[in-house]
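Descriptive structure summary
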Amino acid sequence: METTRDHIRRAPKVLLHDHLDGGLRPQTVLELADQVGYLDKLPAGDAESLGTWFREAADSGSLVRYLETFAHTCAVMQTRDALVRVARDCAEDLAADGVVYAEVRYAPEQHLERGLTLDEVVEAVNEGFRQGEAAAREKGQRIKVQALLTAMRHAARSLEIAELANRFRDHGVAGFDIAGAEAGNPPTRHLDAFEYLARENNHFTIHAGEAFGLPSIWEALQICGADRLGHGVRIIDDITAKPDGTVELGRLAAYVRDKRIPLEMCPTSNLQTGAASSYAEHPIGLLRRLHFRVTVNTDNRLMSGTSMTQEFEHLVDAFGYSLDDLQWFTVNAMKSAFLPFEQRLAFINDVIKPGYAGLKAEWLFN
Ligand SMILES: O=c1[nH]cnc2c1ncn2[C@H]1C[C@H](O)[C@@H](CO)O1
Ligand SMILES: [Zn+2]
């Protein structure tokens, strides 16, 4: 059976790596900018050209240049109302895309310019997610959204953000993350935050192996104790393809596979930052064949002009994946979520598997 865009959109999907400040609708950026007097600082004045500007500016081949585009989204996310609105849009957009469970991350420290406290930022975003879930429910769509709190790797607030994540642990915040420019900012700078979270039995992921290679992945896992890797694409550098068609895993790659370390892969984002050169050559193809714990993610839907459906579609085109492959990625993601075990199991058995089974059975009735 051919896997069509319509199948992919309707298939239940799980998203573990999506940035709130990287997923605004262009129209929402314009409306919020108008409210705070930021319109004349935006690089475009209508939704279509603004969307194009974000995609093109982010398509620079460099993570540092890619990250510069976030100045505009963060600029309009500085009030409670704006944060509620952006989070509500986010949950609704993901639900319309067929996402049933999402962990959406953002850096509270980047939303304090107009006087909000860290706690107020988290409360506003949580409120927006709850509103978005309810609005989706009214349209007959089901989604559960949790937040991950990110600390910026070049800054010095990681312990404070880790404490914040822990405070909101049973209130909409499922874990912690480190993001920002990788080169020159090793995760070990934030060891106190990771040690604190480990003492609290809390969960965290680290952006690693995106713009920088194996040492960054090694540090994230072996020194910092990350539960998951944001991107992790460069693990491919520790895998050697031999002329006879077999592959050899180095010690680190073998560790990542043996320990079932989840890789939060974001294909389109990787093409834009230069971490991969085409969908067909993206390491996800080989890593999936080798049964690494691979998951598929959007990273930044605005900057990449993408959605979960579109990421899956690119992979179907590049690797000929079937609904069974997409279910495998989805179950991998659900197994790797920072949710209690019984919820993960229920999502897999009661939402994901029946959803794919229904789609796979459609040919019987056509
Ligand atoms: O792919 C990424 N790598 C590293 N940092 C990133 C990436 N995408 C977004 N960020 C940064 C920019 C955002 O302002 C911040 C929090 O979401 O995380
Ligand atoms: Zn990211």
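Residues numbered from 1 in each chain as written. Chains lettered and ligands numbered in written order. Predicted model: local features only at pLDDT ≥ 70, side-chain atom pairs only at ≥ 80, totals over all residues. Heavy atoms only, no water.

Describing the site of ligand 1
Near ligand 1 lie 16 residues; those nearest to it are His-19, Asp-21, Gln-110, Glu-210 and Asp-299. In the model, an oxygen atom of ligand 1 is placed 2.5 Å from a nitrogen or oxygen of the Asp-21 side chain. Among the residues making up the shell around ligand 1, the classes are represented as 7 nonpolar, 6 polar and 3 charged. (Near = heavy atom within 4 Å. Polar contact = N/O pair within 3.5 Å; in protein donor to acceptor, adjacent residues only side chain to side chain. Nonpolar A, V, L, I, M, F, W, Y, C, P; charged D, E, K, R; others polar.)

As for the pairing of strand β4 (residues 173–179)
Among the 7 residues of β4, 7 are classified as buried, and the element is accordingly described as predominantly covered. The sheet contact formed by strand β3 (residues 144–152) and β4 spans 6 bridges and is parallel. Bridging across to β4, Ala-147 finds its partner in Val-173. Remark: the β3/helix α8 (residues 158–167)/β4 crossover connection has right-handed handedness. (Buried < 20%, exposed > 50% of the residue type's maximum accessible area, 1.4 Å probe, protein only. Helix = DSSP H or I, 4+ residues; strand = E, 2+ residues; numbered from the N terminus. Pairing = 2+ DSSP bridges. Right-handed = clockwise from strand over helix to strand, strands pointing away.)

With respect to the UniProt feature "domain: Adenosine deaminase" (unreviewed entry) in the chain
Cross-referencing UniProt, the feature "domain: Adenosine deaminase" (unreviewed entry) maps to residues 12–353 in the present numbering. Across residues 12–353, the secondary structure splits into 48% helix and 15% strand, with the terminal C-alpha atoms separated by 9 Å. (UniProt positions renumbered as here; feature names shortened; annotations may be inferred.)

Focus: the coordination of the zinc ion (ligand 2)
Ideal donor angles around a metal are set by the shape: a four-donor tetrahedron calls for 109.5 degrees, a six-donor octahedron for 90 or 180 degrees. Summarising the metal site, the zinc ion (ligand 2) is bound by the protein donors His-17 (NE2), His-19 (NE2), His-207 (NE2) and Asp-299 (OD), whose distances to it range over 2.1 to 2.2 Å. Between the 4 donor atoms coordinating the zinc ion (ligand 2), the angles at the centre fall across 84 to 172 degrees, so the site counts as irregular. Positions of the donor residues of the zinc ion (ligand 2), expressed as sequence spacing, correspond to H-x1-H-x187-H-x91-D. On the criterion of sequence distance, the pair formed by His-19 in strand β1 (residues 13–19) and His-207 in strand β5 (residues 204–208) is long-range, its members being 188 residues apart. Each member of the pair, His-19 as well as His-207, is classed as buried. (Donors = N, O, S within 2.8 Å, 3.2 Å for Na, K, Ca; no water. Tetrahedral: all angles 85-135°; square planar, octahedral: opposite > 155°, others 65-115°.)

Concerning the side chain of Asn-270
Of note, Asn-270 is situated in helix α12 (residues 267–273). Judged by its relative accessible area of 0%, Asn-270 falls in the buried class. At 2.8 Å, the side chain of Asn-270 forms a polar contact with the side chain of His-282. Excluding residues that lie within four positions of it along the chain, Asn-270 makes contacts with Glu-210, His-231, Val-233, Ala-275, Ala-276 and His-282. (Contact = heavy atoms within 4.5 Å.)

So, the UniProt feature "binding site: Zn(2+)" (unreviewed entry) in the chain
Within the UniProt annotation, "binding site: Zn(2+)" (unreviewed entry) is assigned to His-17, His-19, His-207 and Asp-299. Taken together, the annotated residues stretch across 283 residues yet fold into one region, lying no more than 12.0 Å apart by C-alpha. On the basis of relative accessible area, His-207 is assigned to the buried category, the value being 5%. When residues no more than four places from it in sequence are discounted, the contact partners of His-207 are His-17, His-19, Arg-105, Arg-153, Asp-177, Ile-178, Ala-179, Glu-182, Gly-230, His-231 and Asp-299. Locating Asp-299 in the fold gives a position in the loop between β10 (294–296) and α14 (301–304). Since its relative accessible area comes to 2%, Asp-299 is described here as buried. Separated by 2.9 Å, the side chains of Asp-299 and His-17 make a polar contact.

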